Amino acid sequence: MPTPQHCPTPRELADLELLTSGALAPLAGFNQPGSTVTLELPAELAGREVELVDPEGLPLATLHPDGRVEPLTHAQHGPFRRLHLSPAEVRARYAGATFVPVTDALTRDEIDRLRGLGAPVVLLALIGPGTPELSPVALLRASLAEARQVPGASVVAVPLASHGDPDVDHEIGLQVVRAYAGPDPVLAPVDDDGDYPDDVAAIVEADQPGPEQRGLVLFFTGLSGSGKSTVAQAVIDSVLETGERTVTSLDGDVVRRNLSAGLTFSREDRETNIRRIGWVAAEISRHGGMAVCSPIAPFDATRKDVRAMTEAAGGAFFLVHVATPLEEAERRDRKGLYAKARRGEIPDFTGISSPYEVPEDAELRIDTTGRSIEDCRDEVLDALAKRGFIAGDDLLVSTSSTDDSTHD
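Residues numbered from 1 in each chain as written. Predicted model: local features only at pLDDT ≥ 70, side-chain atom pairs only at ≥ 80, totals over all residues. Heavy atoms only, no water.

(A) Local environment of the layout of surface pockets. Of the volumes computed, that of the second largest pocket is approximately 540 Å³. Residue lining of the second largest pocket: 24 residues in total, with Ser224, Asp253, Arg256, Phe265 and Ile296 positioned closest to the centre. Counting only elements with at least two residues in the lining of the second largest pocket, the list comes to helix H7 (228–242), helix H8 (252–257) and helix H9 (267–286). Looking at the lining of the second largest pocket residue by residue, the class counts come to 10 nonpolar, 6 polar and 8 charged. (1 Å grid on protein atoms, 1.4 Å probe; cavity = no way out; pocket = protein on both sides within 12 Å on 5 of 7 lines; lining within 4 Å. Points joined across faces, edges and corners; volume = space filled by probe spheres on them. Helix = DSSP H or I, 4+ residues; strand = E, 2+ residues; numbered from the N terminus. Nonpolar A, V, L, I, M, F, W, Y, C, P; charged D, E, K, R; others polar.)

Okay, here's the thing in structure tokens:
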């Protein structure tokens, strides 16, 4: 039987690279006693030998049942892959240099300070998920631009990820930076509010656009019949009428017929469907587009996964909970789905035989009961305008009337 494979999360992949490169030595694996470097496996793989692969399926390491990892190869692709060196390679190549860990672009004053050292400088760009202020690629581009202004300076990419705890991140950061620097001095950048050099400023500006230019995933969630698809379509129409944004609709039923054809309505397949929607939406946001999604999405963990995908792609995530009560959604049910579910003809039906986990992290909550579609649409548009995602003053308001009993 072949060894089962598992693709870790971006944070876990960053930790894996540090483990296999020796940057976390003497730690040699995940889930060791007292360690915060962890990896979560699906229940069916727990306690088994597993091959850890990258998102393209390239085997990177073998994970043994005790958590130890055995390297197989390193990642082959990705921007600036040449800057990913092991601590041993860095210490051999840059012995005697001053090491400067960076998570953000450097100002003119900070660059002048490095010039004044009179010694070789290595910028350790800490690019793991959740660590840099800029996106990983932008931080590396900025670091290379800064290095060109400091004679003898070099740049090394360090996949140091955030673990969600500032104290833990600080301790791991100190350990990893010391692994790369060895006995050589480490100089922390001075946090100042100075100006960036022009070339660095251009990189920062392109990487951190204003909300009106940033990619956006507008994600509606709610029961079947809550009105989420109808409100979502009304929002899409209004935004398209202004011409200020490109918009892609990822409606639950449409996606089911195309992207997720063949999936059932089991919990596992429903989560797969939402993750597929989320991945496509995140990619749209990566390129500055607006994706409007309106699946039921009943499970909190899956919605959080989509939020994480979007933020990792550099997009903004705006969750709208269409909180129409079950009684109202069932009253609108012109397809008779709720009646079939109550008779047991449709298993795992959200709200009847399968739970709906109410989101606690919604940016907006609306109840469509007794309200017109235009009223609900305008509440969403107003919320988006307040966040700067659209220009509210320019929206074209339709004067047509729509029956508010339309269901998803």
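(B) Representation of the sheet that holds strand E6 (residues 121–126) within the structure. Ordered in space as E5-E6-E7, the 3 strands form an open sheet in which the pairing is parallel. Bordering the open sheet on either side are strand E5 (98–102) and strand E7 (154–158), each of which pairs with just one other strand. Across the sheet, the mean angle from the axis of one strand to that of its neighbour is 25 degrees, orientation sign disregarded. (Pairing = 2+ DSSP bridges. Axes fitted to C-alpha atoms, helices over the stretch in contact; angles between N-to-C directions.)

(C) The arrangement of empty space enclosed by the protein in detail. Scanning all chains against the criterion turns up 1 cavity of 30 Å³ or more. Roughly 50 Å³ of volume is contained in the largest cavity. In terms of lining residues, the largest cavity is bounded by Val100, Leu106, Glu110, Arg113, Leu114, Leu187, Ala188 and Pro189. Of all the elements, helix H3 (residues 108–115) adds the most residues to the lining of the largest cavity, at 3 residues. For the lining of the largest cavity, a count of residues per class yields 6 nonpolar, no polar and 2 charged.

(D) Highlighting unusual backbone geometry. Cis rather than trans, the peptide bond between Ala25 and Pro26 has omega equal to 10 degrees. Mapped onto the fold, Pro26 is located in the loop between helix H1 (10–21) and strand E2 (50–53). The phi torsion at Asn31 lies on the positive side, around 55 degrees, for a residue other than glycine. Relative to the assigned elements, Asn31 resides in the loop between H1 and E2. Even without being a glycine, Ala297 presents a positive backbone phi close to 45 degrees. For Ala297, the position within the fold is in the loop between strand E10 (290–294) and helix H10 (300–312).

(E) Geometry of the packing of aromatic side chains. According to the stated counting rule, one finds 3 aromatic pairs in the structure shown. Taking the centre distance of 5.7 Å and the plane angle of 35 degrees together, the rings of Phe219 and Phe317 count as tilted. Here Phe219, found in strand E8 (residues 216–221), pairs with Phe317, found in strand E11 (residues 316–322); they are 98 residues apart in sequence, far enough to count as distant. Assessed through its relative accessible area of 5%, Phe317 is described here as buried. Measuring from ring centre to ring centre gives 6.5 Å for Phe318 and Phe389, while their planes differ by 85 degrees; the resulting arrangement is edge-to-face. (Phe/Tyr/Trp six-rings, centres within 6.5 Å; stacked < 30°, edge-to-face > 60°. Buried < 20%, exposed > 50% of the residue type's maximum accessible area, 1.4 Å probe, protein only.)

(F) Geometry of the sheet that holds strand E9 (residues 247–251). Spatial strand order, E9-E10-E8-E11-E12: 5 strands in an open sheet with parallel pairing. In the strand order of this sheet, the two ends are held by E9 and strand E12 (364–366), each with one partner. Within this sheet the neighbouring strands show an average axis-to-axis angle of 15 degrees, counted without direction. Pairing of E8 with E11, which is carried by 6 bridges, proceeds in the parallel orientation. Following the sheet pairing, Phe219 is matched in E11 by Leu319.

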